[in-house]
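# Examination of the molecular architecture
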Amino acid sequence: MKIIETNGAPNPRRVRIFMAEKGADVVYEDIDLMVGALKTAEFSALNPFQRVPVLVLDDGTILTETVAICRYVEEIQPEPPLFGTGALERARVEMWQRRVELNFLLPVAQVFRHLHPKMAHLEVPQVPDWGEANRGRALSALTIIDDALGQSRYVAGDTFSIADITLLVAVEFMKPARITRPAELSHLARWYDEVRARPSAAA
Ligand SMILES: N[C@@H](CCC(=O)N[C@@H](CS)C(=O)NCC(=O)O)C(=O)O
């Protein structure tokens, strides 16, 4: 199994952490999205949406989309479960994974893409007002997530899941996006200290 990615980019990092948690045997191929390497005809044939990560199976089958890749690996290597077990827990993990991705990771990414000068050649047109609007959205979502973390050890309950992976990557992506993590979010801080100490967080 091979994953084509840009090392350090947030969505590839979600997959890397997931694979590390699974102990999955993966070969990584680095491609630099910052120099337009995803815009080539060769890469577009793998993913017409010109995004990483891309999973390439040994028979050449291609899968894209972070969560789809992780779901596939969960099916072929169920332990440890990262999408929950049982009907209710699976639904809860799905709910939080989507909440964190859509309401928090995406706004943080929009701030980065629309306000950071080094993204100007990739995000055309850059719309700074849109970047600023997303700063508030990201911070509102983080307050809601902090409340949830006041009620359970991990974001989707008492078990570490893909929702925590998405949250960890998004929280750490706040730094390049130049969004300050509010110090009063104490449940988030407690959770962050625990999750970033997992060996997979180094992925
Ligand atoms: N929905 C996709 C999003 C992937 C994505 O946005 N990847 C970014 C890196 S984190 C990318 O490839 N950006 C390339 C570009 O903006 O040109 C997924 O979950 O895999």
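For clarity, every value in this text was computed on a predicted model and none was experimentally measured.

### Some remarks on the packing of aromatic side chains
For the structure shown, the criterion picks out three aromatic pairs. A cation over an aromatic ring shows up here: Arg 16 above the ring of Tyr 28, its NZ or CZ 4.0 Å from the ring centre. The aromatic ring of Trp 96 is capped on one face by Arg 99, whose charged end is 4.6 Å from the ring centroid.

### Points about unusual backbone geometry
For the bond from Val 52 to Pro 53, the omega torsion is 10 degrees, close enough to zero to count as cis. Looking at the secondary structure, you find Pro 53 in the loop between helix 2 (41-46) and strand 3 (54-56). With an omega of 0 degrees, the peptide bond between Val 124 and Pro 125 qualifies as cis. Its place among the elements puts Pro 125 in the loop between helix 4 (87-115) and helix 5 (128-149). One non-glycine residue, Arg 178, adopts positive backbone phi at about 60 degrees. Note on placement: Arg 178 falls in the loop between helix 6 (162-173) and helix 7 (186-196). Judged by its relative accessible area of 55%, Arg 178 falls in the exposed class.

### What to know about the side chain of Glu 123
Structurally, Glu 123 can be placed in the loop between helix 4 and helix 5. Those residues in contact with Glu 123 that sit more than four places away from it in its chain are Arg 113 and His 114.

### Quick notes on the sheet that holds strand 2 (residues 27-30)
Strand order in the open sheet made by the four strands is 2-1-3-4, with mixed pairing throughout. Each of the sheet's edge strands pairs with one partner strand only, and the pair in question is strand 2 and strand 4 (62-64). Across the sheet, the axes of successive neighbouring strands diverge by a mean angle of 25 degrees, strand direction being ignored. Pairing between strand 1 (residues 2-5) and strand 2: four bridges, direction parallel. Looking at the pairing, Lys 2 lines up with Val 27 of strand 2. This element, helix 1 (residues 10-22), spans strand 1 and strand 2 of the sheet and lies at about 150 degrees to strand 1. Its contacts with the sheet put helix 3 (residues 66-76) on strand 3 and strand 4, and the angle it makes with strand 4 is roughly 125 degrees.

### What to know about the site of the ligand
If you check the shell around the ligand, you find 14 residues, and the closest are Arg 51, Val 52, Glu 65, Thr 66 and Arg 113. Contact distances for the ligand include 2.8 Å between a nitrogen atom and a backbone N or O atom of Val 52. Measuring from a nitrogen atom of the ligand, one finds a side-chain N or O atom of Glu 65 at 2.7 Å. Contact with the protein chains hides 86% of the accessible area of the ligand, taken as 510 Å² for the molecule alone. In this structure, the ligand is accommodated by the largest pocket. Sorting elements by how many residues they give to the shell around the ligand places helix 1 first, with three residues.

### Things to note about the side chain of Gln 97
By the secondary structure assignment, Gln 97 is in helix 4. By relative accessible area, which is 3% here, Gln 97 ends up buried. Here Glu 101 takes part through its side chain, which lies 2.5 Å from a polar atom of the side chain of Gln 97.

### Examining the domain arrangement of the protein chain
Domain boundaries in the protein chain define domain 1 (2-76) and domain 2 (87-202). Taking the mean C-alpha position of each, domain 1 and domain 2 sit 20 Å from one another. The interface of domain 1 with domain 2 comprises 15 residues on the first partner and 20 residues on the second. Here domain 1 packs against domain 2, burying approximately 1,500 Å² in sum over the two surfaces, 61% of which is carbon and sulfur. Among the residues of domain 1 in contact with domain 2, Arg 13, Arg 14 and Met 34 are the three that bury the most area, contributing 38% of the side total. Counting across the interface, domain 1 meets domain 2 through four salt bridges. On inspection of domain 1 and its partner domain 2, the count reaches nine residue pairs in polar contact (both at pLDDT 80 or more). If you list the elements that add at least two residues to the side of domain 1 that touches domain 2, you get helix 1 and helix 3. Looking at which element gives the most residues to the side of domain 1 that touches domain 2, the answer is helix 1, with eight residues.

Thresholds applied
- Residues numbered from 1 in each chain as written.
- Predicted model: local features only at pLDDT ≥ 70, side-chain atom pairs only at ≥ 80, totals over all residues.
- Heavy atoms only, no water.
- Phe/Tyr/Trp six-rings, centres within 6.5 Å; stacked < 30°, edge-to-face > 60°.
- Lys NZ or Arg CZ within 6 Å of the ring centre and 35° of its normal.
- Helix = DSSP H or I, 4+ residues; strand = E, 2+ residues; numbered from the N terminus.
- Buried < 20%, exposed > 50% of the residue type's maximum accessible area, 1.4 Å probe, protein only.
- Contact = heavy atoms within 4.5 Å.
- Pairing = 2+ DSSP bridges.
- Axes fitted to C-alpha atoms, helices over the stretch in contact; angles between N-to-C directions.
- Near = heavy atom within 4 Å.
- Polar contact = N/O pair within 3.5 Å; in protein donor to acceptor, adjacent residues only side chain to side chain.
- Areas by Shrake-Rupley, 256 points an atom, 1.4 Å probe, with all protein chains shown as cover.
- 1 Å grid on protein atoms, 1.4 Å probe; cavity = no way out; pocket = protein on both sides within 12 Å on 5 of 7 lines; lining within 4 Å.
- Sits in = over half its atoms within 2 Å of the grid points.
- Domains from an automatic or database assignment.
- Buried area = accessible area lost by both parts, 1.4 Å probe.
- Salt bridge = Lys/Arg side-chain N within 4 Å of Asp/Glu carboxyl O.

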